[in-house]
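Okay, here's what each chain looks like letter by letter:
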Amino acid sequence: MSDISDQMLSVLAHFRLQGSVKSVSQTKVGHVNQTYFSECVDGERTYRFTHQRINTKAFKNPGQMMENIYRVTTHIQNKLRLEYEDISQRCLEVIPTIDGLLIHEDREGGVWRTYRYIDHVKTIETVTRAEEAFLLGESVGTFQTQLSDLSGASLHVTIKDFHDMRVRYAQLEEAVRMNRVGRVASVSKELEFFYSNKERGCIISDLLNAGRLPLRATHNDTKISNVLFSEDEKEGLCIIDLDTVMPGTILFDTGDMIRSAATSAAEDERDLSLVRFNTEFYSALLDGYQSKAHFLTKDEQSLLKESGRAITQIMGIRFLTDYISGDVYYRIDRPNHNIDRSRNQIALIKDMDCKWDEVD
Ligand code: GN1
Ligand code: MG
């Protein structure tokens, strides 16, 4: 017990945990929130939980964010119960506070939430086999199908304009204008790339804003590391990190799965010669996805490939904006982390463009 701070214990005491807390460890998972795992023991049994201190700079309204998450998880759980006896690995479960709330605010203003830890699963950071891409495609297709009867408009917009390309461009332009830490001169090539790709990048957000794509419940962060796979890698079990569940187009989600899985390298790989659009993984992703997602409109269907390019672009712009602004948003583990990430995304788009006609 000696390694657990009193502050942490007092936070955990507010949640409906089973047993008594035996250990807590912090992880480096995620770019935005702080994540901890705890182990609680009750007699012979051990219970594990995930606790997160929510980054309230990124999520200005954590109460609404948790309402979205609660709505989506209960919706999915109700569906899963019709199909499976044990659903514990297939959906996140929010553990409420003793008072029945979804978040706890500590004395310093830290905002906390707890999930049941999902055990005996594995995560994949970078796809190495087409089978993994297929499973990711299936997982995203299943997730979207589970939510296809939940109205997008019933969810709160917790981060305004999150995937609105024009707004992301405006934020980039503002960061360039401010040039707070004097980095603009060093990123002229990257800026040129994004400026010359602006109109194409805006296709999907413009269609959504014009009401020409259905507004649905979307995840908005369907990168491969947000999927839990069975240990034998035979099944994608659960999509986690529901922080950005919001109204949007499902193309944001197909886009992020393509960005993160139809590539041959991690999103922060520095050696750009390794960053390649992997057409085999792309096709496997789409096969997996289309085997589960049967509700798409023609327009949605026709923009799947474009969605991968657009989300890669928006992520490249966001990383670049953060680099220019002095690394104020994303957690960085090295000085050039954000510009490395942005260059990586640019390299991926360039290779997508070279291979564009090779895939459907
Ligand atoms: C952030 O914190 P994390 O890794 O789940 C970001 C996503 C990006 C992602 C890039 C709220 O997610 O939009 O896709 O980094 N989340 C937020 O890996 O900005
Ligand atoms: Mg996330």
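On a predicted model such as this, the values are computed, not experimentally measured, just so you know. (Residues numbered from 1 in each chain as written. Chains lettered and ligands numbered in written order. Predicted model: local features only at pLDDT ≥ 70, side-chain atom pairs only at ≥ 80, totals over all residues. Heavy atoms only, no water.)

A few words now on the packing of aromatic side chains. The geometry of two aromatic rings is summed up by the distance between their centres and the angle between their planes. Applying the stated criterion across every chain, the model contains six aromatic pairs. Between Phe-37 and Tyr-117, the aromatic rings sit 5.0 Å apart at their centres with planes inclined by 70 degrees, giving edge-to-face as the arrangement. One end of the pair, Phe-37, is in strand S2 (residues 34-42); the other, Tyr-117, is in the loop between strand S6 (111-116) and strand S7 (121-122), and 80 residues separate them in sequence. The class of Tyr-117 is partly exposed, set by a relative accessible area of 28%. (Phe/Tyr/Trp six-rings, centres within 6.5 Å; stacked < 30°, edge-to-face > 60°. Helix = DSSP H or I, 4+ residues; strand = E, 2+ residues; numbered from the N terminus. Buried < 20%, exposed > 50% of the residue type's maximum accessible area, 1.4 Å probe, protein only.)

With that out of the way, let us pick up the nonpolar core. Judged by nonpolar contacts, the single largest core of 96 residues is most densely connected at Ile-258 and Leu-285. For this core, the leading source of residues is helix H11 (residues 304-324), giving ten residues. Two domains each provide a minimum of three residues to this core, namely domain 1 (6-119) and domain 2 (130-358). In this structure, Ile-258 is in contact with Thr-263, Phe-277, Tyr-282, Leu-285, Leu-286, Leu-304, Ser-307, Gly-308 and Met-352, ignoring residues within four places of it in sequence. Counting 14 residues, the second largest nonpolar core, distinct from the first, contains Leu-12, Val-21, Tyr-47 and Trp-112. (Core = buried A, V, L, I, M, F, W, Y, C linked by side-chain atoms within 4.5 Å. Domains from an automatic or database assignment. Contact = heavy atoms within 4.5 Å.)

Glancing now at the side chain of Thr-50. For Thr-50, the location among the structural elements is in strand S3 (residues 45-54). Setting aside chain neighbours within four positions, we find Thr-50 in contact with Thr-35, Tyr-36, Phe-37, Arg-113, Thr-114, Tyr-115 and Tyr-117.

With that settled, the discussion passes to unusual backbone geometry. Backbone geometry follows two general trends: most residues other than glycine have a negative phi, and most peptide bonds adopt the trans configuration. A positive phi angle, near 55 degrees, is found at Asp-161, a position not held by glycine. Turning to its location among the elements, Asp-161 is positioned in the loop between helix H3 (130-147) and helix H4 (165-178). Phi angles above zero are rare outside glycine, and Glu-233 is one such case at about 55 degrees. Within the secondary structure, Glu-233 sits in the loop between strand S9 (227-230) and strand S10 (236-239). Accessibility expressed as a relative area gives 15% for Glu-233, which makes it buried.

All right, on to the coordination of the magnesium ion (ligand 2) then. Every protein donor of the magnesium ion (ligand 2) is accounted for by Asp-221 (OD) and Asp-241 (OD), and the metal-donor separations fall at 1.9 to 2.0 Å. Placement of Asp-221 in the loop between strand S8 (216-218) and S9 and of Asp-241 in the loop between S10 and strand S11 (246-248) is noted, with a sequence separation of 20 residues between them. On the basis of relative accessibility, which here comes to 17%, the residue Asp-221 falls in the buried class. (Donors = N, O, S within 2.8 Å, 3.2 Å for Na, K, Ca; no water.)

Counted by the stated rule, this structure contains one cavity of 30 Å³ or more. Every residue along the wall of the largest cavity is listed here: His-163, Met-165, Gly-201, Ile-204, Ser-205, Phe-252, Ala-310, Ile-311 and Ile-314. The leading source of residues in the lining of the largest cavity is H11, at three residues. Residues that form the lining of the largest cavity fall into these classes: six nonpolar, three polar and no charged. (1 Å grid on protein atoms, 1.4 Å probe; cavity = no way out; pocket = protein on both sides within 12 Å on 5 of 7 lines; lining within 4 Å. Points joined across faces, edges and corners; volume = space filled by probe spheres on them. Nonpolar A, V, L, I, M, F, W, Y, C, P; charged D, E, K, R; others polar.)

Before going further, it helps to examine the site of ligand 1. Around ligand 1 lies a shell of 16 residues, among which Lys-223, Asp-241, Glu-267, Arg-318 and Tyr-329 are the nearest. One of the side-chain N or O atoms of Glu-267 is found 2.8 Å from an oxygen atom in ligand 1. In terms of residue count, the dominant contributor to the shell around ligand 1 is H11 (three residues). Tallied by class, residues from the shell around ligand 1 come to seven nonpolar, three polar and six charged. Both of domain 1 (6-119) and domain 2 (130-358) provide at least three residues apiece to the shell around ligand 1. (Near = heavy atom within 4 Å. Polar contact = N/O pair within 3.5 Å; in protein donor to acceptor, adjacent residues only side chain to side chain.)

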